[in-house]
Amino acid sequence: MANIKSAKKRVITSAKKAEANKAVKSGVKTAIKKVREAVEANDKAAAVSALLAATETIDKAASKGVLHKNNASRKVSRLATAVSKMQ
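Residues numbered from 1 in each chain as written. Predicted model: local features only at pLDDT ≥ 70, side-chain atom pairs only at ≥ 80, totals over all residues. Heavy atoms only, no water.

1. Topic: the overall build of the chain
Rules: Only DSSP runs of H or I with at least four residues qualify as helices, and only runs of E with at least two residues qualify as strands; both kinds are numbered from the N terminus onward. Atoms counted for the radius of gyration: C-alpha only. Globule rule: 2.2 Å times the number of residues to the power 0.38. Whether two residues are in contact is decided by their heavy atoms, any of which lying within 4.5 Å being enough. Note on areas: Shrake-Rupley, 1.4 Å probe, and residue coverage restricted to the protein chains presented here.
Secondary structure summary: the chain contains 3 helices and 0 strands in total. Secondary structure elements in the chain, listed N-terminal to C-terminal, are α-α-α. Computed over its C-alpha atoms, the radius of gyration of the chain comes to 17 Å, more than 25% above the 12 Å expected for a compact globule of 87 residues. In terms of its C-alpha atoms, the chain occupies a principal-axis envelope of roughly 60 × 20 × 15 Å. Long-range pairs, those at least 24 residues apart, make up 62% of the contacts in the chain between residues at least 6 apart in sequence. Counting every atom, the chain has about 6,400 Å² of accessible surface; 55% of that belongs to carbon and sulfur.

Structure representation (structure tokens):
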């Protein structure tokens, strides 16, 4: 553990930010999972609505800096491709 007051504060601050980032990443994973499940179930309407929600969640994560913008773009692109390939 750190001895200097500012270092102690940084440890606490970093832990709080890590926890917040973990929550955002978990939300992204859940949104992606919902889209994939709808695609596997071959439910076009559910897949489209889940894709919209997932895109919003991923874009928010990218804007907060939790995900890199290219990573977010790649995730959205792959989900959109999966949904568009449905019959």
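More follows now that the structure is in view.
2. Here's the deal with the pattern of salt bridges
Condition: Each salt bridge in this description consists of a side-chain nitrogen of Lys or Arg and a carboxyl oxygen of Asp or Glu lying within 4 Å of one another.
Considering all chains together, one arrives at 1 salt bridge under this definition. A salt bridge links Glu56 to Lys60; the shortest N-O distance between them is 3.7 Å. Of this pair, Glu56 and Lys60 both sit in helix H2 (residues 44–64), 4 residues apart, which is roughly one turn of that helix.

3. Quick notes on the nonpolar core
Short version of the rule: Buried Ala, Val, Leu, Ile, Met, Phe, Trp, Tyr and Cys residues that are joined via side-chain atoms within 4.5 Å together make up what is termed a nonpolar core. To sort residues, take the accessible area from a 1.4 Å probe on protein chains only and compare it with the maximum for the residue type: under 20% means buried, over 50% means exposed, and anything in between is partly exposed.
Val28, Val35, Ile58, Leu67 and Leu79 are the most contacted members of the largest nonpolar core, which has 18 residues in total. When residues of this core are traced back to their parent elements, those giving at least two are helix H1 (5–40), H2 and helix H3 (69–84). Ignoring sequence-local partners within four residues, the contact set of Leu79 consists of Ile32, Val35, Arg36, Leu51, Ala54 and Ile58.

4. A look at the packing of H1 against H3
Counted only if it meets this: Helix axes use the C-alpha atoms of the stretch in contact, all axes being lines fitted to C-alpha atoms, and the angles between their N-to-C directions lie in the range 0 to 180 degrees. Orientation is classified from the angle alone, with under 35 degrees giving roughly parallel, over 145 giving roughly antiparallel, 65 to 115 giving roughly perpendicular, and any other angle giving oblique. Handedness of a crossing follows from how the near helix is turned relative to the far one, being left-handed for an anticlockwise turn of less than a right angle and right-handed for a clockwise one. Here the nonpolar group is Ala, Val, Leu, Ile, Met, Phe, Trp, Tyr, Cys and Pro; Asp, Glu, Lys and Arg are the charged ones; every other residue, Gly included, is treated as polar.
At a minimum axis separation of 10 Å, H1 and H3 run at an interaxial angle of 15 degrees. Classified by the interaxial angle, the pair formed by H1 and H3 is roughly parallel. Taken as a pair, H1 and H3 cross one another with a handedness that is left-handed. Residues Val28, Ile32, Val35, Arg36 and Val39 of H1 lie in contact with H3, whose contacting residues are Lys75, Leu79, Ala82 and Val83. Of the residues belonging to the contact of H1 with H3, the class tally is 7 nonpolar, no polar and 2 charged.

5. Considerations on unusual backbone geometry
Unlike most non-glycine residues, Asn42 shows phi in positive territory, near 60 degrees. Counting through the fold element by element, Asn42 comes out in the loop between H1 and H2.

6. Remarks on the packing of H1 against H2
Running from N to C, H1 and H2 cross one another at 160 degrees; their axes reach a closest spacing of 9 Å. The angle between H1 and H2 falls in the class roughly antiparallel. At the point where H1 passes H2, the crossing takes the left-handed sense. On the side of H1, the interface is formed by Val24, Gly27, Val28, Ala31, Ile32, Lys34, Val35, Ala38 and Val39, while H2 contributes Ala46, Ala47, Ala50, Leu51, Ala54, Thr57, Ile58, Ala61 and Lys64. Each residue belonging to the contact of H1 with H2 can be placed in one class, and the counts come to 14 nonpolar, 2 polar and 2 charged.

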